[in-house]
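Okay, here's what each chain looks like letter by letter:
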Amino acid sequence: MPQRWILMVLPFVLWGSSMVAMKLVLGHADPWTVACLRILPAALAMVLLLPIAGVPLAVARGDWGWLALFSLVDVSFGQGLLSAGLQTTGAGLSSVLIDTQPLLVALLARQVFGEAINPVGWLGLLMGLGGVACLGLPEPLLQNLWLQGPALDDLSWNGGMALLLGSAMSMACGAVLCRFAARQSHVLSVTAWHLLLGGLPLVGISAWQGSALQTLLPRDWWLMAYASGGGTALGYGLFFWFVTRRELTGFTALTFLTPVFALTCGWLAQAEHLEPTQWVGVLLALSAVALITRRQQLWTPDQ
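What you see is a predicted model, and the numbers here were worked out from it, not measured in a lab. The written sequence of each chain sets the order in which its residues are numbered from 1. pLDDT decides what is reported in this predicted model: residues at 70 or higher carry local features, side-chain atom pairs at 80 or more are listed and counted, and totals for whole chains, interfaces and linings draw on all residues regardless. Computation of side-chain values: all heavy atoms of the structure, hydrogens and water removed.

## Quick look at the overall build of the protein
Inference 1: Put simply, DSSP H or I for four residues or longer makes a helix, DSSP E for two residues or longer makes a strand, and each gets a number counted from the N terminus. Of regular secondary structure, the protein possesses 15 helices and zero strands.
Inference 2: Each residue is placed in one exposure class: buried if its accessible area under a 1.4 Å probe, protein chains only, is under 20% of its type's maximum, exposed if it is over 50%, and partly exposed if it falls in between. When the 303 residues of the protein are sorted by exposure, 51% land in the buried category.
Inference 3: For the protein, long-range pairs separated by at least 24 residues make up 89% of all intrachain contacts whose partners lie at least 6 apart in sequence. The criterion used for residue contact is that any of the two residues' heavy atoms lie within 4.5 Å.

## Observations regarding empty space enclosed by the protein
Unfilled space is identified by rolling a water-sized probe across the atoms.
Inference 1: The definitions used throughout rest on a 1 Å grid laid over the protein atoms alone, on which a cavity is an enclosed set of points accommodating a 1.4 Å probe that cannot get out and a pocket is an open set flanked by protein within 12 Å on both sides along at least five of seven lines; lining residues are those having an atom within 4 Å of a point. Grid points are joined across faces, edges and corners, and a volume is the space filled by probe spheres set on the points. Throughout the structure, instances matching the rule amount to one cavity of 30 Å³ or more.
Inference 2: In this structure, the largest cavity spans a volume of roughly 200 Å³.
Inference 3: Lining the largest cavity are 17 residues, and of these Trp 15, Gln 79, Ile 98, Gln 101 and Met 171 sit closest to its centre.
Inference 4: Among the secondary structure elements, those contributing two or more residues to the lining of the largest cavity are helix 1 (2-25), helix 3 (64-88) and helix 11 (218-243).
Inference 5: The dominant element in the lining of the largest cavity, judged by the number of residues it contributes, is helix 1, at four residues.

## Regarding the pattern of salt bridges
Inference 1: A carboxyl oxygen of Asp or Glu within 4 Å of a side-chain nitrogen of Lys or Arg is what we treat as a salt bridge. Going through the model one piece at a time under the given rule, you end up with one salt bridge.
Inference 2: Among the ionic pairs, Glu 247 bridges to Arg 295, the shortest N-O distance being 2.2 Å. One end of the pair, Glu 247, is in the loop between helix 11 and helix 12 (248-252); the other, Arg 295, is in helix 15 (residues 295-298), and 48 residues separate them in sequence.
Inference 3: Using a relative accessible area of 33% as the deciding quantity, one classes Glu 247 as partly exposed.
Inference 4: Classification of Arg 295 by relative accessible area gives buried; the value is 1%.

## Digging into the nonpolar core
Inference 1: By size, the foremost hydrophobic cluster in this structure holds 65 residues, and its most contacted members are Phe 70, Phe 239, Phe 240, Phe 251, Leu 254 and Phe 256.
Inference 2: Among the elements that make up this core, the one with the highest residue count is helix 2 (residues 31-52) (10 residues).
Inference 3: Every residue in contact with Phe 70, bar those within four places of it in the chain, is listed here: Val 75, Gly 174, Leu 177, Cys 178, Ala 181, Val 190, His 194 and Phe 240. Only buried residues count toward a nonpolar core, which is a set of Ala, Val, Leu, Ile, Met, Phe, Trp, Tyr and Cys residues joined through side-chain atoms within 4.5 Å.

## Quick notes on helix 3
Inference 1: Taking 1.5 Å per residue as the helical rise, helix 3 with its 25 residues ought to reach 36 Å, and the 35 Å between its terminal C-alpha atoms agrees with that figure.
Inference 2: Bend at a residue means the angle formed by two fitted axes: the first through the 7 residues ending at that position, the second through the 7 residues beginning there. Its maximal kink placed at Leu 72, helix 3 deviates by approximately 25°. One fewer than the residue count of a helix, multiplied by 1.5 Å, yields its expected span.

## Considerations on a nonpolar patch on the surface
Inference 1: Patch membership requires more than 30% relative accessible area and the absence of a salt bridge. Residues of like charge join within 9 Å; the nonpolar side chains Val, Leu, Ile, Met, Phe, Trp and Tyr join within 5 Å. Accessible areas in this description were obtained via Shrake-Rupley with a 1.4 Å probe; residue shielding takes into account the shown protein chains only. A contiguous nonpolar surface patch, about 370 Å² in accessible area, is contributed by Leu 48, Leu 49 and Ile 52.
Inference 2: Here Ile 52 lies in helix 2.

## Quick word on the packing of helix 2 against helix 10 (residues 187-209)
Inference 1: Note on geometry: axes are C-alpha line fits, over the in-contact stretch for helices, and angles between N-to-C directions span 0 to 180 degrees. Contact pair helix 2 / helix 10: the axes reach a minimum separation of 8 Å and the direction vectors enclose 145°. The interaxial crossing formed by helix 2 with helix 10 has left-handed handedness. Residues Trp 32, Thr 33, Ala 35, Cys 36, Ile 39, Leu 40, Ala 43, Leu 44, Met 46, Val 47 and Leu 50 of helix 2 form the contact with helix 10, whose own contacting residues are Leu 188, Ser 189, Thr 191, Ala 192, Leu 195, Leu 196, Gly 199, Leu 202, Val 203, Ile 205, Ser 206 and Gln 209.
Inference 2: For this scheme, ten residues count as nonpolar: Ala, Val, Leu, Ile, Met, Phe, Trp, Tyr, Cys and Pro. Four count as charged, namely Asp, Glu, Lys and Arg, and the remainder, Gly too, count as polar. Along the lines of polarity and charge, the residues of the contact of helix 2 with helix 10 split into 17 nonpolar, six polar and no charged. Note on convention: the crossing is left-handed when the near helix lies turned anticlockwise from the far helix by less than a right angle, right-handed when the turn is clockwise.

## What about the side chain of Ser 185?
Inference 1: Its location among the elements puts Ser 185 in the loop between helix 9 (159-181) and helix 10.
Inference 2: We classify Ser 185 as buried; its relative accessible area is 11%.
Inference 3: Here Ala 60 takes part through its backbone nitrogen, which lies 2.9 Å from a polar atom of the side chain of Ser 185. By the criterion applied in these results, polar contacts are pairs of N or O atoms within 3.5 Å in which, for protein atoms, one can donate a hydrogen and the other can accept it, and in which residues neighboring in sequence qualify only through two side-chain atoms.

## Quick notes on the side chain of Glu 115
Inference 1: Looking at the element boundaries, Glu 115 is found in the loop between helix 5 (101-112) and helix 6 (119-136).
Inference 2: In this tally, Asp and Glu contribute negative charge and Lys and Arg positive charge; neither His nor the terminal groups of the chain are included. Look at Glu 115: it is buried, it has no salt bridge, and the nearest opposite charge is Arg 179 at 4.0 Å.
Inference 3: Polar side-chain contacts of Glu 115 include one of 2.9 Å to the side chain of Thr 249.
Inference 4: Residues in contact with Glu 115, not counting those within four places in the same chain, are Ala 109, Arg 110, Arg 179, Glu 247, Leu 248 and Thr 249.

## Points about helix 14 (residues 276-293)
Inference 1: Relative to the 26 Å expected for 18 residues at 1.5 Å per residue, helix 14 spans 26 Å between its end C-alpha atoms, a close match to the ideal helical length.
Inference 2: Of the residues making up helix 14, those classed as buried are Thr 277, Gln 278, Gly 281, Val 282, Ala 285, Ala 288, Val 289, Leu 291 and Ile 292.

## Some details on the environment of Ala 60
Inference 1: On the secondary structure map, Ala 60 appears in the loop between helix 2 and helix 3.
Inference 2: When its relative accessible area of 19% is taken as the criterion, Ala 60 is described as buried.
Inference 3: As for Ala 60 and Ala 182, which are separated by 122 residues in sequence, their C-alpha atoms are 8.7 Å apart.
Inference 4: For Ala 60, the residues in contact, after removing those within four places along its chain, are Gln 184 and Ser 185.

Next up, the structure:
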């Protein structure tokens, strides 16, 4: 049981730390190059290593249509918009926008798979959104929103925020599409092929924009190796493995923990300290995960 929970949480640890790594590399490279360096090495590694591990790479003929749509939505759109939005938006606000995924997935899973969201589940989703807001938004802005209402000057909406919301929606749709793409095929082979196919449009855009790999520092290559091997190959593999075997709403609620792990990495790597509001965000995120994953046991309406 503890080992299973560790594996379930691990993708979100890897994603939180990978976002920090990507933000550092974006100072020296365009977002399309960063997206390619994250996706394609991971895809090639999975294609080469899965047969060695005894996982067949063959995809059933009936799954190819769903796989193509899954690749386009989750990787081409999701990862491309993530890298582009992250370039012009702070890492904290980026985490807040990307981590709206559990709410989007819950709504989609309710419509597509009929997963129930009872009042405890809705409360957990709202607490989770509040938690990631406390973790990612600046404290002065949160105080202003709480005491005076939103001020447009403080919100300073930009195109990067719209790109990140689009990325969150694409990834939420990807979590649903994965189940259809892996109906007759192994989920890990589907994950590998969807990374490879979805990465090809990113390569085309990067080449058209004039990618300049020579601007990357030696440290950047190590950071992207981690984001690709850990955050993508291992992170995506585990994530979609559980997506096809667990309830979508409960499992994707663990996404609320991503900014918690991102801040933990900042604390370990750069001795960053959490503000009081961020500690509140940590408690809200943990409480949200507990409520959502146990909502069926906590809410038993009278028949």
